[in-house]
Every structure is written in structure tokens, then in C-alpha cells.
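# Examination of the molecular architecture
As a plain string of letters, each chain reads:
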Amino acid sequence: MDAMVFALDACKEAKMPKIFSVPLNPFTTQKYFEETFMPFLESHKEWIYDIYFTSRIEPFAQDAMGASIREEDRDTLIQNALFIKESLGIEISATFNNINVSPKYENYKLFKKNFKDLYDAGVTSATIPHAHWVALGLKKEFPDLKIKNTILRKVATAQDYVLAAEQGFDYVNIDRILMRDLEELKQIKKAQEYIKNKLGRHVSTALLTNEGCFGRCPMMDEHYSYNNLKTPNDLPYFKHEISKVTCEYKWEKEINAFFFKAATIPPFKEEYDEFLQYVDVLKMHGRDSFNRINETISIIKNYASNHEILQDDNKAYLDGVTHEELKSWRRKIKTCKFQCWDCNYCDIIAEKKKCKT
């Protein structure tokens, strides 16, 4: 009896790993926030590492997401983020994701001045796009601040990770292409131990999980540059004519193997578990899309429930691919590095699927 009580107490004390970084969409309605998002967070908070949110304060009036956000929407977004932290105890993280804003000293001083109100309100985590600002001593101004780098800087090797950690970042977003380069992920894991021994601190790693973009997208830098530099009167990238030559308007329609070539972790729990051997956090997508945030919620719910397949909407892509072919594809892409010119295995799988259907 005593052993049973001890076991039950141990289960109660055991904590789920906080492995998902979840976005807060800036256009979330109060109804969605109260009836969908908050109940989800409440029931899965032990799985959630943090909530990251768009923050538009000067000099970051715009960012890679591209949407124009009204002042009242911005204020509501911040209030909702602070409410999540206060009511659920989940860490919140402000996102300043614009590498086209000059790192000049005048902008550094302006940022420090404007960020102080957020910091004083309880925002102690932020994505900062400039290593210069970290090196200049941002943490001296905000000693409790956890500083993330931006995925736009493309940390793609163990050496890149080490340099980011040495510059003072506490959390490093590594390039999404590494979801198909398991060997380099292992090197980064090794480098993480090196940094811990050298600097005496654990510098976390995160991998963007379900963005759904084309692997090694040739237009991505231009896409982000367009959004970073747009004015409030300009349309965001995906609502502008310029995007019609990419992504959902062209490639998803014309490339039969688009799903298999997308920079997205295959929708199986064991795949997620394997990546979690090498990275600390899975950064989920949805800061600019309600379809994606709903997908993120579904993935986390399915993961927490120990489902084999985490994305129900992916079954349509997987149907028609035999178990052996699927296993072979999943094994192949772990080290393919999105070098499609020299592989074409995804095209072969997609063609077989097409023939069967």
C-alpha cells in the first residue's frame, strides 16, 4: 500500500517536458482567445515552453510576418500575452524579427527606451535580431532578459551555434533545413555541451517545426525582405502579386512532391521524439495564420495524447504510399540536406502515389 501511494505521489510530481514554443496570433479575437486558445493552454501548459508574440515598438514598426497591426490590436496582443503569464505561469516572449532594421547605435538606444515598459510589465524573453546589441550589453540594461536569436540569421552549423552562444544569446533558433541534416544536429548537440563547459550555462536550441515552406526556398530571403521593408499601406507578401510566382499559388499546384519536399517534420510522433534528442524546443508556426495555429494546437494535443500521427490533415498526402516506401522516405530524408538535384527520392515517392491514385 505504501509503495502504491509513493508511486502515485511520484506521478503527481513528475512534470511533462516543456518542448513547444507556441505563437500568439496578433489578430486573435477575444472569443477565440477565451473559448479556444486559453482552454488549450490551460490543459497543455506543462508541454509549453513559452508563448511568442509579435511586438511592434520602434524601431521595429514592421517585421518578417508582414501584417500591418493597428495600435489597439498591438495593445490587446500584449495584454493577452501578459494575462497568459499571470494566469497560467507560461513564459511569454516578444518577437522583434526584422534584420532590415539597422543595428546602428541610435536604434539600439531607441529600442532600450521603448522596451523598458514591456520588461517592467513582465516580458523577460525576447527575439533580438542583432548580435551587436547583445554584445553592447543589452543584458546589463535588462538583467533578467532571456535573449533569443532570429531564424532569419540562419544558424546552420555547430560553429554558427557556438558563435551565437558566445555572443550572448541564451536560446538559438537553428535553421529549419537541419531537419534534414541529422549529422549536423548531432554536432550542434555536441557543441551545446562544449558551450556549457566553457560558459557555464545551457544555451537552448529550437527548431521550427511546421512552417510548411519549400525546403531551401529560393525566394525566402526576398519574401522576408519584402515584409520587413513594407509600409503600412503596402500589402503583405502573400496578398501581393509578387507572391503569385511562389508557394501556394504556384509550387504547391505544380510540384507533385511539394509535401514531401517541405521543410516540415514528418507528422509522426516518433519523428518529433527523435528530433527532441538533439534540440530542446520545437518552435511551432502560426503567428501569421489561423490555419497554422489551429494545426499547431492539433499537433500538441495529439502529441500529448501519444497519437502515432500528429496531423490528421496530412493523411491525404500519406494515403497511397506503402508502409515500406514511407519508412524508406523517412529514413532517406534524415540526411538528404534538401539536395534534391542529386536525389529526387521525394519525386519518385510522389509519382508512385500518383500512379496508384
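Use the structure listed above.
Residues numbered from 1 in each chain as written. Predicted model: local features only at pLDDT ≥ 70, side-chain atom pairs only at ≥ 80, totals over all residues. Heavy atoms only, no water.

### Topic: the overall build of the protein chain
Convention followed: Under the scheme used here, helices are H or I runs from DSSP no shorter than 4 residues and strands are E runs no shorter than 2 residues, and both carry numbers assigned from the N terminus. For the radius of gyration, the atoms used are the C-alpha atoms, and the globule rule reads 2.2 Å times the number of residues raised to 0.38. Relative accessibility decides the category of a residue: with a 1.4 Å probe and only protein chains considered, values under 20% of the type maximum give buried, values over 50% give exposed, and everything between is partly exposed. By the convention used here, residues are in contact when the closest approach between their heavy atoms is within 4.5 Å. Each accessible area is a Shrake-Rupley estimate made with a 1.4 Å probe; only the visible protein chains count as cover when residues are assessed.
Counting its regular elements, the protein chain contains 16 helices and eight strands. Radius of gyration (C-alpha) of the protein chain: 21 Å, near the 21 Å computed for a compact globule of 357 residues. Principal-axis analysis of the C-alpha atoms places the extent of the protein chain at approximately 70 × 60 × 45 Å. Here the protein chain holds 357 residues, and the buried ones make up 52% of them. A fraction of 76% describes how many contacts in the protein chain between residues 6 or more apart in sequence connect residues 24 or more apart. Entry remark: accessible area of the protein chain is about 17,500 Å², with carbon and sulfur atoms responsible for 52%.

### Looking at helix 3 (residues 71-88)
How we decide: The length a helix should cover is 1.5 Å for every residue beyond the first.
For helix 3, which comprises 18 residues, the first-to-last C-alpha distance of 26 Å matches the rise-based estimate of 26 Å (1.5 Å per residue) to within 8%. Elements that come into contact with the buried residues of helix 3 comprise strand 1 (20-24), helix 2 (30-44), strand 2 (48-54), strand 3 (91-95) and helix 4 (105-121). Immediately downstream of helix 3, the backbone of Gly-89 shows phi near 75°, a positive value.

### Examining the pattern of salt bridges
Quick reminder of the rule: What counts as a salt bridge is simple: a side-chain nitrogen of Lys or Arg found within 4 Å of a carboxyl oxygen of Asp or Glu.
Inspection of the entire model under this criterion finds 27 salt bridges. For the salt bridge of Asp-120 with Lys-116, the shortest nitrogen-to-oxygen distance reads 2.7 Å. Of this pair, Asp-120 and Lys-116 both sit in helix 4, four residues apart, roughly one helical turn. Among the salt bridges present, the one from Lys-334 reaches Glu-271, with a minimum N-O distance of 3.0 Å. Here Lys-334, found in the loop between helix 15 (323-332) and helix 16 (345-356), pairs with Glu-271, found in helix 12 (residues 269-275); they are 63 residues apart in sequence, far enough to count as distant. With respect to burial, Lys-334 and Glu-271 carry one shared label: buried. Because the salt bridges share partners, they merge into one network encompassing Glu-270, Glu-271, Glu-274, Arg-330 and Lys-334.

### Re the packing of helix 7 (residues 158-167) against helix 8 (residues 182-199)
Note the threshold: Simply put, an axis is a line fit to the C-alpha atoms, just over the touching stretch for a helix, and the angle between two N-to-C directions goes from 0 to 180 degrees. Angles below 35 degrees are treated as roughly parallel, those above 145 as roughly antiparallel, those between 65 and 115 as roughly perpendicular, and all remaining angles as oblique. Handedness of a crossing is defined here by the sense of rotation of the near helix relative to the far one, left-handed for an anticlockwise turn of less than a right angle and right-handed for a clockwise turn. Put simply, Ala, Val, Leu, Ile, Met, Phe, Trp, Tyr, Cys and Pro go in the nonpolar bin, Asp, Glu, Lys and Arg in the charged bin, and everything else, Gly too, in the polar bin.
Between helix 7 and helix 8, whose axes approach to 8 Å, the crossing angle comes to 30°. The angle between helix 7 and helix 8 falls in the class roughly parallel. Along this stretch, helix 7 crosses helix 8, giving a crossing that reads as right-handed. Where helix 7 abuts helix 8, its residues Ala-158, Tyr-161, Val-162, Ala-165 and Glu-166 lie against Glu-184, Gln-187, Ile-188, Ala-191, Gln-192, Tyr-194, Ile-195, Lys-198 and Leu-199. Each residue belonging to the contact of helix 7 with helix 8 can be placed in one class, and the counts come to nine nonpolar, two polar and three charged.

### Thoughts on the packing of aromatic side chains
The cut-off we apply is this: Under the pairing criterion, centres of Phe, Tyr and Trp rings, with the six-membered ring standing for Trp, must be within 6.5 Å; the plane angle then separates stacked pairs below 30 degrees from edge-to-face pairs above 60, leaving the rest tilted. Whether a charge sits over a ring comes down to the Lys NZ or Arg CZ being within 6 Å of the ring centre and within 35 degrees of the ring normal.
Per the stated rule, a full pass over the model turns up 27 aromatic pairs. Between Phe-96 and Phe-115, the aromatic rings sit 6.0 Å apart at their centres with planes inclined by 80°, giving edge-to-face as the arrangement. With Phe-96 in the loop between strand 3 and helix 4 and Phe-115 in helix 4, the pair connects residues that are 19 residues apart, well separated along the chain. Of the residues examined, Phe-115 reaches a relative accessible area of 0% and is grouped as buried. Between Tyr-105 and Tyr-108 the ring centres are 5.7 Å apart and the planes differ by 45°, which places this aromatic pair in the tilted class. Here Tyr-105 and its partner Tyr-108 are both found in helix 4, three residues apart, which amounts to about one turn of the helix. Among the aromatic residues, ring-to-ring pairing joins Phe-60, Phe-96, Tyr-105, Tyr-108, Phe-111, Phe-115, Tyr-119, Trp-133 and Phe-142 into one connected group. Here Arg-330 stacks its cationic end above the ring of Phe-268, 3.9 Å away from the centre of that ring.

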